[in-house]
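Residues per chain are reported as follows:
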Amino acid sequence: MHESPSIASRWSSRLLFILASTAAAVGLGNIWKFPYITGENGGGAFVLVYLLCIAGIGIPIMIAEIIIGRRGRHSPGYAARQVARESGRSKAWQITGWVGMATGFLVLSFYAVIAGWALAYVYEAASGTFAGASVAEIDQVFGDLVSSSARLTLWHGLIIAGVVLVVGNGIKDGLERAVSWLLPAMVILLIGLAGYAAYIGDFAAAVDFMFAPDFSELTVNGVMLALGHAFFSLGLASGVVIMYGAYLSKSTSVVQTSLWVALADTLVALLAGLAIFPIVFGSQLTPEAGPGLIFQTLPVAFSQMPAGNALGTIFFIMLVIAAFTSAIAMIESAVAFMEERFKLNRWPATMAAGFTLWLLGQVTIYSFSGASWTQIDWQVPGKQLTSLFDVIDYATSNVLLPLGGLLLAVFAGWVMKSAYSSDELNTSPKVFRLWQFIVRWLAPIAIVLIFLQLIGIIQF
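Asker: Would you mind going over the overall build of the chain with me for this structure?
Answerer: When you go through the chain residue by residue, the secondary structure sums to 18 helices and 2 strands. For 460 residues, the compact-globule formula gives about 23 Å, and the C-alpha radius of gyration of the chain, at 21 Å, lands near that figure. In terms of principal-axis extent, the alpha carbons of the chain reach across some 65 × 50 × 45 Å. Among the 460 residues that make up the chain, the fraction classed as buried is 59%. When the accessible surface of the chain is split by element, carbon and sulfur atoms take 66% of a total near 17300 Å².

Here's what the structure looks like:
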């Protein structure tokens, strides 16, 4: 197979790869999910376990994905096939890449819809909807939004259009230019929000909650959740890291680069907590508010605060940027695949991927609005599925992501020739042996435990 022009592309520098990978990893998982699962699992002890899991499992798997992408120099499925063939293994191992790419695309189908919620909330906050509003009125705003398929389609469509516009321009003029502006802008907004939250809210309570470990509040289920979130918050097993690795120059240190990306991603997650929890505690709200923390609890706080409209608007702009930079990363492997498989140019490939994504997004939109064709009644281990969105969410989060992670660990640890992975890592024998031990043994065991817990086979 000949390399397409897309796969022949390279990041302009290591810094731009770090920026792009960090922007891909920093998303709703950091700013929306991390604060509320921290709140639900007792704060500081959960954060400590999360950090250990990032270091012990997340970074080694990220390294594995980068070296598969860089060695294969193709979109994820073809990259895995190339490496398997080169290692004298069955080409059936290409499923490692295909599972990741399909998972990322399915996740993006509902992720872009939730990014649309954030965009809608920029408008709501800026127009003063939350000013002086009661809890019931703010709940009503959220309920009206998610039940309106027309409004969700509009906001979702704007997100998809933006993604297509950026990705269609290629690596240098599209992805690199976007992340060079958007990631620093997001971090500046987040720092500003954290500073204002510290001034106006209860910063001491937030710091105590996030960084003073109370292990009596941490259950074994909480440990498993920290492990799962550490693994998936880095954007692993979704095709993104393999794809971005395919654009990485041979001279760049994979180990050092992965450490920088993981560090930046983790700092943003912690910074998000420091921006959100002082407001929550200062407004006498609960940090265990679950998924509604961002879209229901925080607007209540904004409604009561000085300059709440401006603060809310800035917060949701920051959330849109975080979601958008992840979205452009998650669609990239599908675009590269269409370029390779169907010999399409960049723009037609991007528009085809974007249109498919828009169509898939309708499943989530109409699931939220209660359309009859999306409603089901399925019982799966540990959960009742009531809509097609529930099916996509359950399949990606509980089955495909753990399966993809397990395949990656096995592929990098056992299928890919050690000589090739050693060559790609280009590090000391001691570091290489440690990495190989983790991806061969620790990561698969950890991922199987996550999987068995997620599908309800084991409970701790």
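Next comes the rest of the description.
Asker: It is not clear to me how the pattern of salt bridges should be interpreted in this structure. Could you clarify?
Answerer: Opposite charge on two side chains allows them to pair when their charged atoms are near. This model, assessed by the stated rule, comprises 10 salt bridges. For the salt bridge of Arg71 with Glu424, the shortest nitrogen-to-oxygen distance reads 3.3 Å. Here Glu424 lies in helix H17 (residues 418-425) and Arg71 lies in helix H3 (residues 44-72), a separation of 353 residues in the sequence. Overlapping salt bridges, with partners in common, bring together Arg70, Arg71, Glu86, Lys250, Asp423 and Glu424 in one network.

Asker: Which parts of the structure should I look at to understand a negative patch on the surface?
Answerer: A cluster of acidic residues, Glu40, Asp214, Glu217 and Glu288, forms a negative patch at the surface. Note on placement: Glu40 falls in helix H2 (residues 28-40).

Asker: What am I meant to see in the nonpolar core here?
Answerer: The tendency in soluble globular proteins is for nonpolar side chains to be buried as a group. If you look at the biggest cluster of nonpolar residues, it comprises 165 residues, and the most contacted ones within it are Phe295, Phe315 and Phe316. It is helix H14 (residues 308-342) that contributes the most residues to this core, 20 residues altogether. With near-sequence residues (within four places) excluded, Phe316 lies in contact with Ala118, Tyr121, Val122, Ala125, Phe130, Ile294, Phe295, Pro299 and Phe302. Residues Ile376, Val380, Leu385 and Ile455 belong to the second largest nonpolar core, which totals 5 residues.

Asker: Quick question: what am I supposed to make of empty space enclosed by the protein here?
Answerer: Left-over empty space is what a probe sized like a water molecule reveals as it rolls over the atoms. Within this structure, the stated rule accounts for 1 cavity of 30 Å³ or more. By volume, the largest cavity is sized at about 40 Å³. Lining of the largest cavity is provided by Ser21, Ala24, Met62, Leu234, Val240, Val241 and Tyr244. Looking at the lining of the largest cavity, the elements that each hand over two or more residues are helix H1 (14-25) and helix H11 (240-246). Here the element with the most residues in the lining of the largest cavity is H11; it accounts for 3 residues.

Asker: Just to check I follow, could you spell out the layout of surface pockets for this structure?
Answerer: What the largest pocket holds in volume is close to 1400 Å³. Lining the largest pocket we find 49 residues, and of these Lys33, Tyr36, Phe110, Asp393 and Ser397 sit closest to its centre. Of all the secondary-structure elements, those providing two or more residues to the lining of the largest pocket are H1, H2, helix H5 (95-126), helix H10 (220-233), helix H13 (292-304), H14, helix H16 (388-415) and helix H18 (429-454). It is H2 that contributes the most residues to the lining of the largest pocket, 8 residues altogether. Residues belonging to the lining of the largest pocket are distributed by class as follows: 27 nonpolar, 18 polar and 4 charged.

Asker: For this particular structure, what's the right way to read the packing of helix H4 (residues 76-86) against H5?
Answerer: Viewed as axis vectors pointing N to C, H4 and H5 meet at an angle of 165°, and their least axial separation amounts to 6 Å. When the axis of H4 is compared with that of H5, the two are roughly antiparallel. The interaxial crossing formed by H4 with H5 has right-handed handedness. Contacts between H4 and H5 involve Pro76, Gly77, Tyr78 and Ala80 from the former and Thr96, Gly97, Trp98 and Met101 from the latter. In the contact of H4 with H5, the residues fall into 5 nonpolar, 3 polar and no charged.

Asker: When you look at H17 in this model, what are you seeing that I'm missing?
Answerer: An α-helical segment advances 3.6 residues per turn. Residues three or four places apart therefore align on the same side. Considered for burial, the residues of H17 that qualify are Tyr420, Ser421, Glu424 and Leu425. Buried positions in H17, seen along its axis, are confined to an arc of 130° and lie on one side of it. The inward-facing, buried residues of H17 contact H3, H4, helix H12 (254-282) and H18. Just past H17, the residue Asn426 takes up positive phi, approximately 50°.

Asker: Where do I start with the pairing of strand S1 (residues 375-380) in this structure?
Answerer: A regular strand carries its side chains on alternate faces of the sheet. Pairing of S1 with strand S2 (residues 383-387), which is carried by 4 bridges, proceeds in the antiparallel orientation. By the bridge assignment, Trp378 is partnered in S2 with Leu385. Where S1 folds back onto S2 in an antiparallel hairpin, the turn is made up of 2 residues, including Gly382, whose phi is positive at roughly 80°.

Asker: What exactly am I supposed to notice about the confidence of the model for the chain here?
Answerer: Parts of the prediction with low pLDDT should not have their coordinates interpreted in detail. Taken as a whole, the chain shows an average pLDDT of 92; of its residues, 98% reach a score of 70 or greater. Confidence over residues 1-6 falls short of pLDDT 50; this stretch has 14 contacts with residues more than four positions distant or in other chains.

Asker: Whenever I open this one, unusual backbone geometry confuses me. Can you help?
Answerer: Residues other than glycine predominantly adopt negative phi, and peptide bonds predominantly adopt the trans conformation. Even without a glycine there, the phi angle at Ala237 is positive, about 60°. Note that Ala237 resides in the loop between H10 and H11. Of note, the phi angle at Asn426 is positive, near 50°, even though the residue is not glycine. Along the polypeptide, Asn426 turns up in the loop between H17 and H18. Take Asn426: its relative accessible area is 67%, and that puts it in the exposed class.

Asker: It is not clear to me how the packing of aromatic side chains should be interpreted in this structure. Could you clarify?
Answerer: Note on aromatic pairs: each is described by the distance of the centres and the angle between the planes. The final tally for this structure, using the stated rule, is 30 aromatic pairs. Taking the centre distance of 4.9 Å and the plane angle of 75° together, the rings of Trp11 and Tyr244 count as edge-to-face. Linking Trp11 in the segment before H1 with Tyr244 in helix H11, this pair joins segments that are 233 residues apart in sequence. For the pair Trp11 and Tyr244, one class covers both residues: buried. Between Trp117 and Phe142, the aromatic rings sit 5.3 Å apart at their centres with planes inclined by 90°, giving edge-to-face as the arrangement. Highlighted residues: Trp117 in helix H5 and Phe142 in helix H6 (residues 135-147), separated in sequence by 25 residues. Comparing Trp117 with Phe142, the two get one shared label, buried. Feature note: the residues Phe110, Trp117, Tyr121, Phe130, Phe142, Phe295, Phe302, Phe315, Phe316, Phe368 and Phe389 constitute an aromatic cluster, connected by ring pairs. If you follow Arg440 out to its NZ or CZ, it ends over the ring of Trp414, 4.3 Å from the centre.

Definitions and limits used
Each chain carries its own residue numbering, running from 1 in the direction its sequence is written. A pLDDT threshold of at least 70 governs which residues receive local features in this predicted model, and a stricter bar of 80 or more applies before side-chain atom pairs are shown or counted, although totals over entire chains, interfaces and linings include all residues. Based on all heavy atoms of the structure, the side-chain values leave hydrogens and waters out of the count. In this text, helices come from DSSP runs of H or I with a minimum length of four residues, and strands from runs of E with a minimum of two, each type numbered from the N-terminal end. Using C-alpha atoms as the atom set, the radius of gyration is obtained and then compared with a globule rule of 2.2 Å times the number of residues to the power 0.38. Residue burial is assigned from relative accessible area. The probe radius is 1.4 Å, only protein chains are included, and a residue is buried under 20% of its type maximum, exposed over 50%, and partly exposed in between. Here the Shrake-Rupley method, with its probe set to 1.4 Å, supplies the accessible areas, and only the displayed protein chains count as covering residues. Basic side-chain nitrogens of Lys or Arg form a salt bridge, by our definition, when they fall within 4 Å of a carboxyl oxygen of Asp or Glu. Only residues above 30% relative accessible area that lack a salt bridge enter a patch, with like-charged residues linked at up to 9 Å and the nonpolar side chains Val, Leu, Ile, Met, Phe, Trp and Tyr linked at up to 5 Å. We score Asp and Glu as negative and Lys and Arg as positive, and we do not count His or the chain ends. Here the site of a charge means NZ on Lys, CZ on Arg, CG on Asp, or CD on Glu. Think of a nonpolar core as a cluster: buried Ala, Val, Leu, Ile, Met, Phe, Trp, Tyr and Cys residues, connected wherever their side-chain atoms sit within 4.5 Å. Two residues form a contact once any of their heavy atoms are found within 4.5 Å. Of the two site types, the cavity is a set of points on a 1 Å grid over the protein atoms alone where a 1.4 Å probe fits but cannot get out, and the pocket is an open set with protein on both sides within 12 Å along at least five of seven lines, each lined by residues with an atom within 4 Å of a point. Grid points are joined across faces, edges and corners, and a volume is the space filled by probe spheres set on the points. When residues are sorted by character, Ala, Val, Leu, Ile, Met, Phe, Trp, Tyr, Cys and Pro go into the nonpolar class, Asp, Glu, Lys and Arg into the charged class, and all the rest, Gly among them, into the polar class. Working convention: axes come from line fits to C-alpha atoms, limited for helices to the stretch in contact. Angles between N-to-C directions cover 0 to 180 degrees. Angular relationships are summarised with four words: roughly parallel below 35 degrees, roughly antiparallel beyond 145, roughly perpendicular across 65 to 115, and oblique for the angles in between. By definition, any crossing whose near helix is turned counterclockwise from its far helix by less than a right angle is left-handed, and any crossing with a clockwise turn is right-handed. It is the directions from the helix axis to the C-beta atoms whose arc is reported. For two strands to be treated as a pair, DSSP must find at least two bridges joining them. Known as pLDDT, the predictor's confidence for each residue is given on a scale from 0 to 100. Only Phe, Tyr and Trp rings are paired, with Trp represented by its six-membered ring, and only when their centres lie within 6.5 Å; those with planes under 30 degrees apart are stacked, over 60 edge-to-face, the remainder tilted. Put simply, a charge is over a ring when the Lys NZ or the Arg CZ is close to the ring centre, within 6 Å, and near the line of the ring normal, within 35 degrees.

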